[in-house]
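# Inside the fold
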Amino acid sequence: MKKRFLLPVALGVLGACNNTASDSKQTAFGTDTTVRDTHTLSNADSVVPKHVSLDLAVDFGTRQLSGTATWQIQNRLGAKEFVTDDAGLQIEQVWADGTPVNFYTSPPVQYLGTALHIPIGSNTQTVRIRYKTGAEASALQWLAPAQTSYKTDSFLYTQSEAIHARSWVPAPDGPGIRFTYDARIRVPKGLLVLMSATNPQAPNDSGIYTFRMEEPVPAYLMALAVGKLEFQKIDDRTGVYAEPGVLSRATWELNEMPKMVQIAEGLYGPYRWGRYDVLILPPGFPIGGMENPRLTFATPTILAGDRSLANLIAHELAHNWSGNLVTSATWNDIWMNEGFTVYFERRITEAMLGKSYVDMLWALGYQDLEKAVVELGPQSRATWLKNDLTGQDPEECLTDVPYEKGSLLLWMLERQAGREKWDAFLKAYFNRHAFGSITTEQFLNELHAQLSDTDSTLEKKIRIREWVYGPGIPDNAPQADSARFTQVNAIRNAFLSSGTIDKAATQAWTTHEWLHFLRNMPRPLTVPQMRYLDGQFGFTKSKNSEIADLWFETAIHAKYITAYPEMEDFLSKVGRQKFLTPLYTALKESDQVALAQRYFETYHNAYHPIAQARLRKLLTGS
Ligand code: BES
Ligand code: ZN
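A short tour of the structure in this document, coming up. (Residues numbered from 1 in each chain as written. Chains lettered and ligands numbered in written order. Predicted model: local features only at pLDDT ≥ 70, side-chain atom pairs only at ≥ 80, totals over all residues. Heavy atoms only, no water.)

Broken down by element type, the protein carries 19 helices and 21 strands. By the compact-globule yardstick of 25 Å for 622 residues, the protein fits well, its C-alpha radius of gyration being 24 Å. In terms of its C-alpha atoms, the protein occupies a principal-axis envelope of roughly 80 × 70 × 50 Å. Out of the 622 residues in the protein, the part that is buried amounts to 61%. When the accessible surface of the protein is totalled, it reaches about 23,200 Å², and 51% of it is carbon and sulfur. (Helix = DSSP H or I, 4+ residues; strand = E, 2+ residues; numbered from the N terminus. Rg over C-alpha atoms; globule rule 2.2 N^0.38 Å. Buried < 20%, exposed > 50% of the residue type's maximum accessible area, 1.4 Å probe, protein only. Areas by Shrake-Rupley, 256 points an atom, 1.4 Å probe, with all protein chains shown as cover.)

As structure tokens, this is what we get:
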């Protein structure tokens, strides 16, 4: 099973994510608009959380956050209690409107954590919770100084999506539950604190920082980072935070951000979040990027030195419309976040780099989707756009399907409606639902109402039900016809038959031509073939993480040990699961599991706890 950045798990485990079609009714999108988020234990439907004020101290010694979260609530339906999500928090004391109350937590539910029950009256306005985070808080990654590039100070960051916010804030935690927040965070002097909120641009002398997020956001968009960080502006609205040794490289690489924001606004309306900054994290960051509002979190592996991996920033930027402004109502609708965002990201890339460039991205995305569908099973429930994840961890089940099948559907809708009409529809959609959430069915209803015409319904035109409530890749899916990849194929074929390459023909290749070239090589290549390619193109020493990762995977299958020292260096610091998983998997599949285990035992501390757990399972089966 191809996952976006998680482990391909063994079949037994996979079964959990691969529920059969008979479990779910094929809903007519005309009727089903009820929203039931089965991944929150809160009662946000009756007690509305309006605002939370955090007052937290960051203790690098005990690796805990401690302090208070004060909720302003609106008890709409005369509920007797306010129930929030909680994953391993140590709750010390709770007050309702200033009076201590007897709270309790219910037994943990698999994947979801526990529910914190707080008695309230019908007029209770505020609930204050004093707590500490637990030792296993899944949202938190604490880095020792050695794991940073600066090496002198500790570092902490959060990753709240999908359902980890509850491990650091007692909060009703669902994509359909929005609230505003403010925060006061205390840290050791000299460190800078950043959140998905108004941010400082330099450290202060007190070590106390305050924040405001005045737009309502779901809990998964709450974020915190603490470290030795510096800021550099790109223009008046955009800038970059990074560790001092990384900052100038990062600013150079992300220099096109102002243009991206401008293009995005030109497509789908104003950017509504004030500033747009990017935080480049240390290399252990487990994913590529996270769209925390006002401050995208990103892996340093996008710093290729040639701006070629900046489309990740286009993706996270695009989420400020698709995801942050208009949010999937439940994790079952996650394609409405990720598929919309891939589509939007490619529109930005098209405007920046042209059609022939973005056609390569569409083609690579199609390859990812085909692979995922083969691995999941072409008829499997997990290949529907609309998920049914009740009783499952929403993240475990995240594959390329919501990203690539979702974006393909939008691309097809664009082609069907015509770009002008389609863009007007999308722009109006973002405005209409701004700061709200949306289900797949609501979207389909609106689409149906606006894009059907008198002689033909949407269903007739594109068989949209098959796309959303059916498996595999429907046969009317659009496909990019990439002339640039046709040339790559010719060169690859010539190499495979002659053993040599006309180097001049590859001179103008970008990262994405190389990815297509390497990805579609037969496996394993022979050592002489590997040696030739390496001699010509220096892949083993590539500073481009995407190319290096793919080359190392190719090298593992070919047992081309010349590349192993560089590969080991990569595994010793990069925590991005999209890279780690294929490498460890390749080692395992090619009878080099003992080597994989040695690498893992030596370097696992560089990885996020969740990544560690997944890799351990991959390597040892437990
Ligand atoms: N929002 C996602 C990350 C995410 C999704 C985390 C679901 C947890 C659960 C983010 O926008 C994303 O998709 N990141 C990608 C990069 C992107 C260019 C496809 C990643 O990290 O690989
Ligand atoms: Zn995304």
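Following the structure, the description resumes.
Next up on the list: the nonpolar core. Counting 154 residues, the largest nonpolar core has Leu54, Ile280, Ile348 and Phe443 as its most contacted members. By size, the runner-up hydrophobic cluster in this structure holds 51 residues, among which are Tyr357, Phe495, Tyr584 and Phe600. (Core = buried A, V, L, I, M, F, W, Y, C linked by side-chain atoms within 4.5 Å.)

A few words now on the layout of surface pockets. In this structure, the second largest pocket spans a volume of roughly 910 Å³. Going through the elements one at a time, strand 9 (140-143) and helix 19 (609-620) are the ones with two or more residues in the lining of the second largest pocket. Broken down by element, the residue count for the lining of the second largest pocket peaks at seven residues, all from helix 19. Taken together, the residues of the lining of the second largest pocket break down into 14 nonpolar, 10 polar and nine charged. (1 Å grid on protein atoms, 1.4 Å probe; cavity = no way out; pocket = protein on both sides within 12 Å on 5 of 7 lines; lining within 4 Å. Points joined across faces, edges and corners; volume = space filled by probe spheres on them. Nonpolar A, V, L, I, M, F, W, Y, C, P; charged D, E, K, R; others polar.)

Once that is clear, we can look at the side chain of Ser42. Structurally, Ser42 is set in the loop between helix 1 (11-14) and strand 1 (47-59). For Ser42, the side chain forms a polar contact with the side chain of Thr40, separated by 2.9 Å. Those residues in contact with Ser42 that lie beyond four places of it in its chain are Val83, Thr84, Asp85, Pro172 and Ile177. (Polar contact = N/O pair within 3.5 Å; in protein donor to acceptor, adjacent residues only side chain to side chain. Contact = heavy atoms within 4.5 Å.)

Attention shifts here to the site of ligand 1. What surrounds ligand 1 is a group of 17 residues, the closest being Glu161, Gly288, Glu291, Glu316 and Tyr403. Backbone polar atom of Gly288 to an oxygen atom of ligand 1: 2.6 Å apart, as the coordinates give it. A distance of 3.2 Å separates an oxygen atom of ligand 1 from a polar atom in the side chain of His315. When the free accessible area of ligand 1 is taken as 530 Å², the share hidden by the protein chains comes to 95%. Looking at side-chain class alone, the shell around ligand 1 contains seven nonpolar, five polar and five charged residues. (Near = heavy atom within 4 Å.)

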